[in-house]
Amino acid sequence: MIFTPKKETVPPRTIGLITDFGLTDPYVGQVKAVLARKAPHCPVVDISHEVEPFNVAQAGFFLAASFEHFPEDAVILSVVDPGVGTDRRIACLEIENRLLIAPDNGLLTLALNRCWSDVRAFDLSRAVDAPKKVSHTFHGRDVFAPLAAWLALGGRPESLGAEIDPAGLVSCTWSAPEITDRRAHCHVLHIDRFGNCVLNLEPGSLGTPQGLAMESPAGGPLAYAVRYADMPEGEPGLLEGSQGFLEIAVNQRSAAKRFGLSMGDAVELAWEA
């Protein structure tokens, strides 16, 4: 059998969950029921189940912004899987001692880009062969959940699949901005409930730009701010958000509405110096 049973001789590891399953249907409950059955002593933390359906970029942002806040031995499972049932790989990143599990569809890229320590990657696609019965449309319950439980109880990724070059994981155009002299081409990864538009730009990537403006898809000057209160009420700016990425914000207003921005939109920024 592929998943060799593990005796709980080590402290149980925390399991984090990110999905696009929502909370209306029984999907999240079934995933957590599998975890409860197979790893009953492992705490489960719901990061979000409200990822926009099929939005790999948003899920990748949630993962990149969240994994460092977990215990150092956590297993974090992210399932936004438009290619479920196909030959897409199941990938695992080992960052220090945390294990990040996801379909190999670009979801892991932002987390990988933010790592300064040694990273290992594994192809765990053999996990599909472990359960006796697998739905071709719900690997989150039948494949990923048993895999996460097995790893949380002490299973090692190298016991299940080959180590691979992290650079060989699927990457997408939204995962890295294009920054040239006084210009940046980036994408909106997420719009939060306040209307703040999180970009795939890391703090410091633009220096301290003067005369900053958004040129498309809408135009207008942006203050380069440290906090929301640095902008007059109703005025826009670019600042480092709490999730470790730069975001376009409007003080006490929705930047998404102000500029007509949606998740996935390309944004052009320019500055004078």
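Analysis parameters
Residues numbered from 1 in each chain as written. Predicted model: local features only at pLDDT ≥ 70, side-chain atom pairs only at ≥ 80, totals over all residues. Heavy atoms only, no water. Helix = DSSP H or I, 4+ residues; strand = E, 2+ residues; numbered from the N terminus. Pairing = 2+ DSSP bridges. Contact = heavy atoms within 4.5 Å. Axes fitted to C-alpha atoms, helices over the stretch in contact; angles between N-to-C directions. Polar contact = N/O pair within 3.5 Å; in protein donor to acceptor, adjacent residues only side chain to side chain.

A. The arrangement of unusual backbone geometry in detail. For the bond running from Ser-216 to Pro-217, omega is 5°, close enough to zero to count as cis. With respect to the helices, strands and loops of the structure, Pro-217 is situated in the loop between β11 (213-216) and β12 (220-221). If you check the backbone angles, Phe-54 has positive phi at about 70° while not being a glycine. Relative to the elements of secondary structure, Phe-54 occurs in the loop between β2 (44-48) and α2 (56-66). A positive phi angle, near 60°, is found at Arg-182, a position not held by glycine. Note that Arg-182 resides in the loop between β8 (178-180) and β9 (183-191).

B. Layout of the sheet that holds strand β6 (residues 119-123). With mixed pairing, the 7 strands of this open sheet are ordered in space as β2-β1-β3-β5-β4-β6-β7. Every interior strand has two partners, whereas the edge strands, β2 and β7 (163-164), have only one. For β6 and β7, the ladder comprises 2 bridges, and the chain directions are antiparallel. In the strand pairing of β7, Phe-122 is matched with Glu-163. Against the sheet, helix α1 (residues 27-38) makes contact with β1 (15-19) and β2, and its axis sits at roughly 160° relative to β1, the strand it touches most. Relative to β1, α2 is tilted by about 155°, and along the sheet it contacts β1, β2, β3 (75-79) and β5 (98-103).

C. Up close: the side chain of Asn-200. On the secondary structure map, Asn-200 appears in the loop between β10 (197-199) and β11. A polar contact of 2.7 Å, which involves the side chain of Asn-200, links it to the backbone oxygen of Trp-174. Side-chain polar atoms of Asn-200 contact the backbone nitrogen of His-187, separated by 2.7 Å. Aside from chain neighbours lying at most four places away, what touches Asn-200 is Trp-174, Ser-175, Ala-176, Pro-177, Cys-186, His-187, Leu-189 and Phe-245.

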